[in-house]
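Breakdown of the fold
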Amino acid sequence: MTDVTDDVTDTYEVIVVGGGAAGLSAALVLGRARRRTLVVDAGEPRNAPAAHMQGYLTRDGMPPAEFLARGREEIARYGVALVRDRAAAAARTEGGFAVRLASGRTVRARQLVLATGLKDELPPVEGLAERFGRDVLHCPYCHGWEVRDQAFGVLAGRPMSAHQALMVTQWSTDVTLFLHRVAEEELTDDDRRQLAAAKVRVVPGEVAGLRIEDDRLTGVRLADGSTHERETLFVAPRPVPRNDLLIQLGAELRETPFGAYPVIDERGLTTVPGLWAAGNASGFAEQVVNAASRGYRAGAAINGELLFADLDAAGV
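Here's a quick rundown of the structure. (Residues numbered from 1 in each chain as written. Predicted model: local features only at pLDDT ≥ 70, side-chain atom pairs only at ≥ 80, totals over all residues. Heavy atoms only, no water.)

Check the secondary structure of the protein and you find eight helices and 19 strands. Taking all contacts inside the protein whose residues are at least 6 apart in sequence as the whole, residues at least 24 apart take part in 60%. About 15,500 Å² of surface is accessible on the protein, with carbon and sulfur atoms providing 50% of the total. (Helix = DSSP H or I, 4+ residues; strand = E, 2+ residues; numbered from the N terminus. Contact = heavy atoms within 4.5 Å. Areas by Shrake-Rupley, 256 points an atom, 1.4 Å probe, with all protein chains shown as cover.)

With that settled, the discussion passes to unusual backbone geometry. The backbone of H180 shows a phi angle near 55°, a positive value even though the residue is not glycine. At K199, a position not held by glycine, the phi torsion is positive, near 60°. Take K199: it is sitting in the loop between helix 6 (189-197) and strand 11 (201-203). A relative accessible area of 63% places K199 in the exposed class. (Buried < 20%, exposed > 50% of the residue type's maximum accessible area, 1.4 Å probe, protein only.)

Moving on: a negative patch on the surface. Taken together, E213, D214, E229 and E231 make up a surface patch of like negative charges. With respect to the helices and strands, E231 occurs in the loop between strand 14 (227-229) and strand 15 (232-234). E231 sits in the partly exposed class, given a relative accessible area of 37%. (Patch = residues over 30% accessible without salt bridge, like charges linked within 9 Å, V, L, I, M, F, W, Y side chains within 5 Å. Salt bridge = Lys/Arg side-chain N within 4 Å of Asp/Glu carboxyl O. Lys, Arg positive; Asp, Glu negative; His and termini not counted. Charge placed at Lys NZ, Arg CZ, Asp CG, Glu CD.)

Both faces of strand 18 (residues 259-262) are covered, namely the face carrying G259 and Y261 and the face carrying A260 and P262. Pairing geometry for strand 17 (residues 253-256) and strand 18, over four bridges, is antiparallel. The partner of R254 across the bridge, within strand 18, is Y261. Between strand 17 and strand 18, which pair antiparallel and follow one another directly, the connecting turn spans two residues. (Pairing = 2+ DSSP bridges.)

Core analysis: the largest hydrophobic core is formed by 26 residues, its most contacted members being V14, V39, I75, W276 and I302. Elements represented by at least two residues in this core include exactly strand 1 (11-17), helix 1 (21-32), helix 2 (64-77) and helix 8 (288-314). At six residues, helix 8 tops the list of elements feeding residues into this core. Setting aside anything within four residues of it in sequence, one finds W276 in contact with Q111, L112, V113, L114, R267, G268, L269, T270, A298, A301, I302 and E305. (Core = buried A, V, L, I, M, F, W, Y, C linked by side-chain atoms within 4.5 Å.)

Moving on to the sheet that holds strand 14. Spatially, three strands are ordered 12-13-14 in an open sheet, and the strand pairing comes out antiparallel. Only two strands of the sheet have a single partner each, and these edge strands are strand 12 (207-213) and strand 14. With direction set aside, neighbouring strand axes in the sheet form an average angle of 30°. Inspection of the sheet shows strand 12 paired to strand 13 (residues 216-222) by six bridges, in the antiparallel sense. Counted as the bridge partner of V207 is L222 from strand 13. (Axes fitted to C-alpha atoms, helices over the stretch in contact; angles between N-to-C directions.)

So, about the side chain of T176. Following the sequence through the fold, T176 ends up in strand 10 (residues 175-178). Side-chain polar atoms of T176 contact the side chain of R201, separated by 3.2 Å. Setting aside residues up to four positions removed in sequence, T176 forms contacts with F152, G153, V154, R201, V203 and R230. (Polar contact = N/O pair within 3.5 Å; in protein donor to acceptor, adjacent residues only side chain to side chain.)

In total, this model carries 20 salt bridges according to the counting rule given. Taking the shortest distance from any N to any O, the salt bridge between R221 and E126 comes out at 3.7 Å. Taken together, the residues R221 in strand 13 and E126 in the loop between strand 7 (118-121) and helix 3 (128-131) connect sequence positions 95 residues apart. What makes R221 partly exposed here is its relative accessible area of 28%. The network of salt bridges with shared partners includes E13, R35, R110 and D310.

Time to look at the packing of aromatic side chains. A full pass over the atoms with the stated rule returns four aromatic pairs. Consider the rings of Y141 and W171, whose centres lie 5.5 Å apart with planes at 85°: the pair is edge-to-face. Here the residue Y141 occupies a position in helix 4 (residues 140-143), and W171 occupies one in the loop between helix 5 (161-167) and strand 10, the gap between them amounting to 30 residues. With 4.5 Å between their ring centres and 10° between their planes, F258 and F284 make a pair best called stacked. Of the two residues, F258 sits in the loop between strand 17 and strand 18 while F284 sits in the loop between strand 19 (275-277) and helix 8, which places them 26 residues apart along the sequence. By relative accessible area, which is 24% here, F258 ends up partly exposed. Seen from the ring of W145, R148 lies directly overhead, with NZ or CZ sitting 4.0 Å from the centre. (Phe/Tyr/Trp six-rings, centres within 6.5 Å; stacked < 30°, edge-to-face > 60°. Lys NZ or Arg CZ within 6 Å of the ring centre and 35° of its normal.)

Next up on the list: the environment of G299. As for its position among the elements, G299 is in helix 8. G299 sits in the buried class, given a relative accessible area of 0%. Between the alpha carbons of G299 and G268 there is a distance of 9.5 Å; along the sequence they are 31 residues apart. Each residue touching G299, except ones within four places of it in the same chain, is listed here: A26, V29 and L30.

And the structure:
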């Protein structure tokens, strides 16, 4: 079965930008509600580097690519169209929104869901990107069970990395925090006390690279030439929200330590009428199961908005 719908037209009731868990979930609800819906998917899911996803009831251990393929099959059953393209620009119109695609086509809808997610920007350490999602990880809830009891390293990227080092001790008692470019004096007294209580070793000095043997991580190499044996390295990537369309459409954003995200209500509606955000487009800490829930909630709310707007217009 093809992932892409052939009969893509120009006008819909709802356009969903983003074909990850949040976008597909919203599209599924809307399709089942008999709403003409288009999903625009650039094919860049955040969890693409991971071999499996965990913590999603009944889907624990499923490869992300398989999860998305099933989602695309499901929305197709309800007549939802999907196009492989990138939303290059968006504008408000009298009837809703116009979205210009990278291919040159312009599509229009009354309501617009942005489920564009974010990208993880890794620290510029040699070998890190190549191992990301394998033995270089960022989320213990996503991968901690699979690497339990291994020798963990945590690469500090900011003073908050002490918190990450403490969290991963739930999955291993052998944890080393590499301060990297964080100065020792940036650790608070509470950090030092808690790290000591958790028996986390703290190693100052910049990390220069990784030692890889037989296609697996075996150590962390410092700039001074020393190497510390480790099997798994946790990092804290810098999240970069894909919020260009939100900015173009005038949505109010809130600044957080993890980037700028839209101000939304409990359903996902932004400060722009008819514009919704779901998944990692709405916040940093949306795991797959949470993103799907956000998409479902937005889809149901949008159907209600359209229904009652039409009733009001008809004078009922």
